[in-house]
Structure formats: structure tokens, C-alpha cells
Amino acid sequence: MAPWSDWDAAARGTLRFLHDYLGWDVWLVTHVESDVQRVVHAHPDGAVRPGTELAWERSFCRQMIEGRAPRVATVTAAVPEYASRTTGLIQDVAAYIGVPLVTRDGQLHGTLCAVAFRARPRSAARDLALVETTARMLSTLLATSDDRQQGTGAS
């Protein structure tokens, strides 16, 4: 099995795998910069255009990152921190799962997350372990990619 050509290809492949294996309607890799969360990759293709921006203060992911809401909400309406954010781009979100993507020094790079437009069964909370492991892999690849760009990693 050949490796992906770069981090972006790994991120896209990961989103395809998670969509096919776990379901959920839309899978995203995002990047957070200052007060904006930007979609880097989305699956299925065309579900959300890469480059789409969401105000970080309104983001489900911010609530998750800051520990105010859980990493998995099979019914977002049952979690006040998520229910209060269902406007605009995220108005039809009925379920959410997300984990941080971090740099080698532990700084937030973005998120790996998914949404569903119908509530998910409580058993979907079991998806979290695979999503966390996958996010750790992407964070590791991100760190390795940064090392190579800076000339500090092995070639």
C-alpha cells in the first residue's frame, strides 16, 4: 500500500475513509486562524466548498476545543452550547463529532469534524475513538510535514 503523496492527500483520504466507514453526512478538515475557522477539505466533494469560512466564535468546534461542549453530540439540540449555534452555515446540524488537530508543540491547527443533518443513535458515540486516532495521525503527519519544510526532519 503506497503512502499518500502529501498531507493534503492524507487528509482527503482520511475524510473519504471516515465517511465510508462511519457515515455522518459531511466530514471536514479545518484550519483555525485568529477569529476564523476555514474549511480546508470536505467530503463528500461539493458538500462544503474548501475556503468556506465560519466565525470561530460561532463554531461548534470552538465549544468542543474550549471544553464547553462534548466531542460527540448525537443530538445537538440536547447540548445548549451547540443548540445556541445552529444558525447560518450550521443551521441544519443535528449531530456533531469533532477533535482538534494540533501542531508538534500542541498549538491548535484546526479540527477534524463531521456533522449529520439527522440525529445519530447514541451508539455513534463509539465513533469517537476512531476519529481521535485518525486526528492524531493527521497531527503527526502535519508535524512531520512541518519538519521537512523547515529542514529539520529526515528526508
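Check the entry above for the structure.
Keep in mind it's a predicted model, so treat the numbers as computed, not measured.

1. Digging into the pairing of strand β6 (residues 108–116)
Then comes step 1: Burial analysis of β6 places eight of its nine residues in the buried class, which makes it a mostly covered element.
Then comes step 2: Bridge count between strand β1 (residues 26–33) and β6: six bridges; the pairing is antiparallel. The partner of T30 across the bridge, within β6, is T111.
Then comes step 3: Where strand β5 (residues 95–102) meets β6, eight bridges bridge the pair, whose relative direction is antiparallel. Looking at β6, one finds that G98 is bridged to C113.
Then comes step 4: Here β5 folds back onto β6 in antiparallel fashion, the turn holding five residues, of which G106 has a positive phi close to 85 degrees.

2. Focus: the packing of aromatic side chains
Then comes step 1: In this structure the tally under the stated criterion is four aromatic pairs.
Then comes step 2: With a centroid separation of 5.3 Å and an interplanar angle of 15 degrees, the aromatic rings of F17 and Y21 are classed as stacked. Here Y21 and F17 lie together in helix α1 (residues 7–22), a separation of four residues that amounts to about one turn.
Then comes step 3: Here F60 and Y82 contribute two aromatic rings whose centre-to-centre distance is 4.8 Å and whose plane-to-plane angle is 20 degrees, an arrangement assigned as stacked. Here Y82 lies in helix α3 (residues 80–83) and F60 lies in helix α2 (residues 60–65), a separation of 22 residues in the sequence.
Then comes step 4: Assessed through its relative accessible area of 4%, F60 is described here as buried.
Then comes step 5: With a relative accessible area of 0%, Y82 lands in the buried category.
Then comes step 6: Here a set of aromatic residues connected by ring pairs shows up, and it is made of F60, Y82 and Y96.

Conventions used here
Residues numbered from 1 in each chain as written. Predicted model: local features only at pLDDT ≥ 70, side-chain atom pairs only at ≥ 80, totals over all residues. Heavy atoms only, no water. Buried < 20%, exposed > 50% of the residue type's maximum accessible area, 1.4 Å probe, protein only. Helix = DSSP H or I, 4+ residues; strand = E, 2+ residues; numbered from the N terminus. Pairing = 2+ DSSP bridges. Phe/Tyr/Trp six-rings, centres within 6.5 Å; stacked < 30°, edge-to-face > 60°.

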